[in-house]
Every structure is written in C-alpha cells, then in structure tokens.
Amino acid sequence: MPCQIPLYKKFAGIRQAPPEMASIVSETVPKFTAEALKSAAKQSERCHIVPLRLRRAIKKYLREQEEPHMKRKVLRLSESFSQIKEVNLMLPTSTSKELVEDPLKSVECSQRWKIKSAYGDIGLKYREDETVAYVASRMPAVYSALYRVLSEVRRRLPGFSPAKVLDFGAGTGSAFWALREVWPRSLNRINLVEPSQSMQRAGQSLIKGLKNLPLIQSYGSIQALSQDVKKSDRQHDLVIASYVLGEIPSLKDRITVVRQLWELTGDVLVLVEPGTPQGSNIISQMRSHILWMEKRRSRKLEDASGKECKALTTLKNGAYIVAPCPHDGSCPLDNTGKYCHFVQRLQRTTSQRAYKRSKGEPLRGFEDEKFCFIAFRRGQRPRQPWPLDGMKFETLKEQHARRNPEDLEIDYEDQFISSEDEDVQDEDPISYDSDVTETDAITENDDWEEEGEETAHANLGSGWGRIIYNPLRRGKRVEMDICRSMDREGTEGSFDRIVITKSKNPTLHHQARRSVWGDLWPF
C-alpha cells in the first residue's frame, strides 16, 4: 500500500506540523548545531566487526568440539528455525488480537503466572551438535544485532548503567558479550535463564579465561530463579529476551513469559526477535500488551488514590518506549502490509565462512542480520523540546547570496555518485582477512574499555522520528519513510514519506543523504 502523505505545508524542505502542534513550539535558543544534529541522529553502524576476543573464543570452542559434518549440521539447524516459523504462521489472528487486548478474558487468574509446559519443552530443543552449529553459524550475527540494540539504549539513556541484568533465553551468551562491550564497567551480577544444558555448557566454555567477570548465575527457568532469589532482590536494572519468544509456539505462554519478565524489570526491558513478518508480529503483540497493562494499572492507581495499595505502588507507574518507536500510540504500520524491522551488516567470522553454504557462488565476506526489537522503560515519557525547535535554516538561494564572488567554487556533490552515498546493502568495502592473525592467548590489551560519551544525544521526547527502510536518493532530493509522533506527548504516531530538497534546506539535505535505515530524523 503506498504511503499517503498528509497535505501539511512544507518549509525549509521538511513538513511543518499541524497548526495546533506549531502553536506550542517553544521559542528557546537552538539546542543543536548542524553537526550535533547529525551526531545525535546516527544510530546505525554500516558494518560491524565481531570483537577479536569473541572470535578467538568461538574458534577455540569449535576446535575443542571436533564435530564432523559441520556444514550438514548448520543446514539442519537452519531447517529447525524454518519449522518454528511455520508453527508461528498457524497461530489464529483472531485469538492473537483477543489475547493481546485483554488476556485476562481467556486466562484464569490462578494460572496467569504459570506455564503448563515449561519453557524448553515447548521451544526448540538444542542437542549438543545443534549447539555447536549455533555457535559456528548464528552466534556472531545474534551478537551483532544485540550490540546494535544495546548501543542505542546506551545512547538514548546516557545516565543508564545497569548493574544487575537478567538474560532470558540466554543461549550461548550472545547478550552477555554484547553487554560487556556496551557497559563493561557497571555490570555486577547477571542472571541467565536457559533450559538447554548444552547451551549453558557452551556459554561457560566461551567465557573461560576472561578477566574481571561479574557474578554470573544460571537457571533453568524463571520459576527456579524466583525460588532462589529473595522477593526483594528480584528486580533487575535491565532485562533482555532475545531470539526466544518465537521459539514458544503458544501466544498465551509468550504473554505469560513477558508479563513475568516485566515484573522482574526495575527499569528497562529489551525484546529482540528475527527481522521477519512473524518476528515483527511478536514484537507488536508484546508492545501492545505491556502498554495496555500499564495503562490499566495506572487507571487502578487513580481509582485507588487516597487508599493504601502497596501492590500497585512498588514500581514506577507507567511505561514508554525508548526505541525504536518515537511514540506510545498504536503502530501505524498495522494493516499496511509493511512490517518494522532493521538490518545490521557484520563481517563474517572464519567459522561462518567455513561452515555456511552458498548457492553455487563464493560466500560473501559479510552478511546482513535482520532483526526487530523494542525497549521499554518504566515511568512516563519525558516531555522535552523537539530538536528543531528554535532552529532556522537557510535556503540554497540565501546561502549563495551570502557568498563572496571570489569564494565561489564548483559543487560536484550532486554531479557524481560518491561512495559515501551508495546504498549500504550494495557494497562490500572491507577487507576480510582480520581473522588470520587470531591467537588463543589473552593479552593485556583485551580488557573491556568504556566507550566515550557522545557530545550530543537524542532525548526521549517525541521529536525524533525513525527512518524505516532505505532512503531513496534522487538527484538533489531525498525521500524517506519515517515513523514519527503526531503530538508532543507521544500518544499518537504516523508513518509518512517526507521529501528533503537541497534548494529548500541544504543543511538537512546534507544530513538526509548520509542517513541510513534505522537512523533517527529530527522534527
């Protein structure tokens, strides 16, 4: 279905807000310079290189296993994932809608926090050979997607440094490795929930020999964790569930699991699924359910005002979305035939290049991992100024009028296609020989280091839209599909195609030409 663009006026190359929105634009001093605006909007990484320490760990683990016929086992693992996808397609949409909107209608209160078949029995059973195949073929890609997601959480929440983390469906520890790269200094305790013993053993083998590890505790289920940890200590600063909900082919069980995870969340909950229509549908369902649940809880708090209600006041009231959505309203992509997902390109490791099959052609040195994600935070969305409030942009004609004749230079920018503007999906600019010098020895330089704080970051107000799909660059104009908020409270969203032209706004046009799928866009 083609995108319908509301007929708002355009100024300086971007769409103006409706009159009722424009009336509340603050007359403040501009918050961003043009360079700071580009830095704050950048969220994507063109090609991620798996850290050397993880590549070493994977090579060492695979060498110890000495599994024969690895290519065949990697192919069989891929077929297992395809079977899970087929099971998800069989879930009736009518039942899904009813459960997401009000799960209490179809789940008895006595069973609301229980799963009849323990997670692991209803999901994918990983045997030893499948675990080895997973480490060789899937772990680097899953790690790269998680690193991309957690890096954005860190940029959007600059004061957030989780000390206690819960990783549900931990697998071989992809999330742990990403956490150590993003927040290497703050982690004190990590609780892992993983029912597969072979996965647990692989994860322990991969981290063997690492220094300065936080306290790590493994459990086979959420129930086992709850029995082992005191109620007052069950809250986690960050809870992650990655590539696991799709392995539970029961919507009731998924909702039950996510409700339990949300109760264990003290601040931020991150859900990640494969970038398929099925994965996007799972994320959309859980998004709707958590926001519905917190709105219902808020109404109860209002009704119970003036009364003691300890059960409802132990946690922060409300929930909002940190990323990728710039609003907390209904998803504007619902019923459009499109689905929200993102792509992270990564340099393939030696194990991936050795064991993955290609269709009659040499295997590329990179692969694109598609993923869907959502990050919730407890509390109310902060109402903050929009990034373009108070900023003024010159048109190209005005810029030319200010130039001195002797300073005029021919601008070749739009006469030739530069390598920077080429589609990120169509190039392979990196030399893929970095694995050649790998060794198993851990050197003094292998300690994790904290990344420097960005000088500018995109706040959590509703003024930052999200670029969905690749921007279209056509001469001196750029077209982008953007999910954005329609009000300053972030209660309603829309999915629009906006057009940025060089003649009306050369500053934003320059930024648009360098924006890629997944970046933010200022309003």
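So, how was this worked out
- Residues numbered from 1 in each chain as written.
- Predicted model: local features only at pLDDT ≥ 70, side-chain atom pairs only at ≥ 80, totals over all residues.
- Heavy atoms only, no water.
- Salt bridge = Lys/Arg side-chain N within 4 Å of Asp/Glu carboxyl O.
- Helix = DSSP H or I, 4+ residues; strand = E, 2+ residues; numbered from the N terminus.
- Buried < 20%, exposed > 50% of the residue type's maximum accessible area, 1.4 Å probe, protein only.
- Core = buried A, V, L, I, M, F, W, Y, C linked by side-chain atoms within 4.5 Å.
- Contact = heavy atoms within 4.5 Å.
- Pairing = 2+ DSSP bridges.

In the annotation of an unreviewed UniProt entry, the protein is listed under the name Rsm22-cox11 tandem protein 2, mitochondrial isoform X2 and assigned to Nicotiana tabacum.

> What's the story with the pattern of salt bridges in this structure? I'm lost.
Once the charged atoms of two side chains with opposite charge are near each other, the side chains can pair. Counted under the stated rule, the structure contains 19 salt bridges. Across the pair arginine 297 and glutamate 294 runs a salt bridge, and its minimum N-O distance is 3.4 Å. Of the two residues, arginine 297 and glutamate 294 both sit in helix α12 (residues 277-303), three residues apart, roughly one turn of that helix. Residue arginine 297 shares its accessibility class with glutamate 294, and that shared class is buried. The salt bridge partner of glutamate 479 is arginine 497, with a shortest N-O separation of 3.4 Å. Of the two residues, glutamate 479 sits in strand β13 (residues 477-485) while arginine 497 sits in strand β14 (residues 493-501), which places them 18 residues apart along the sequence. Overall, glutamate 479 belongs to the buried group, its relative accessible area being 9%. Through salt bridges with shared partners, a single ionic network connects Arg474, Arg477, Glu479, Asp481 and Arg497.

> Any chance you could explain the nonpolar core here in plain terms?
Grouped burial of nonpolar side chains is what soluble globular proteins tend to show. Formed by 62 residues in total, the largest nonpolar core has its most connected members in Trp177, Leu179 and Leu238. The element that contributes the greatest number of residues to this core is helix α7 (residues 139-156), accounting for ten residues. Core analysis: the second largest hydrophobic core is formed by 34 residues, Val239, Leu251, Ile321 and Ile374 among them.

> Is there a simple way to explain the environment of valine 135 in this structure?
By the element assignment, valine 135 lies in helix α6 (residues 128-137). In sequence terms valine 135 and tyrosine 61 are 74 residues apart; their C-alpha atoms lie 8.7 Å from each other. If we ignore the near neighbours within four places in the chain, the residues touching valine 135 are Ile58, Tyr61, Leu62, Pro140, Thr172 and Ala202.

> Sorry if this is basic, but what is going on with the pairing of β13 here?
The side chains of a regular strand alternate, residue by residue, between the two faces of the sheet. Burial of β13 is extensive: eight of the nine residues sit out of reach of the surface. Where strand β11 (residues 464-467) lies against β13, two bridges are found, and the strand directions are antiparallel. For arginine 466, the partnering residue across the bridge sits in β13 and is cysteine 483. Both strand β12 (residues 472-474) and β13 contribute to a ladder of three bridges, which runs antiparallel.

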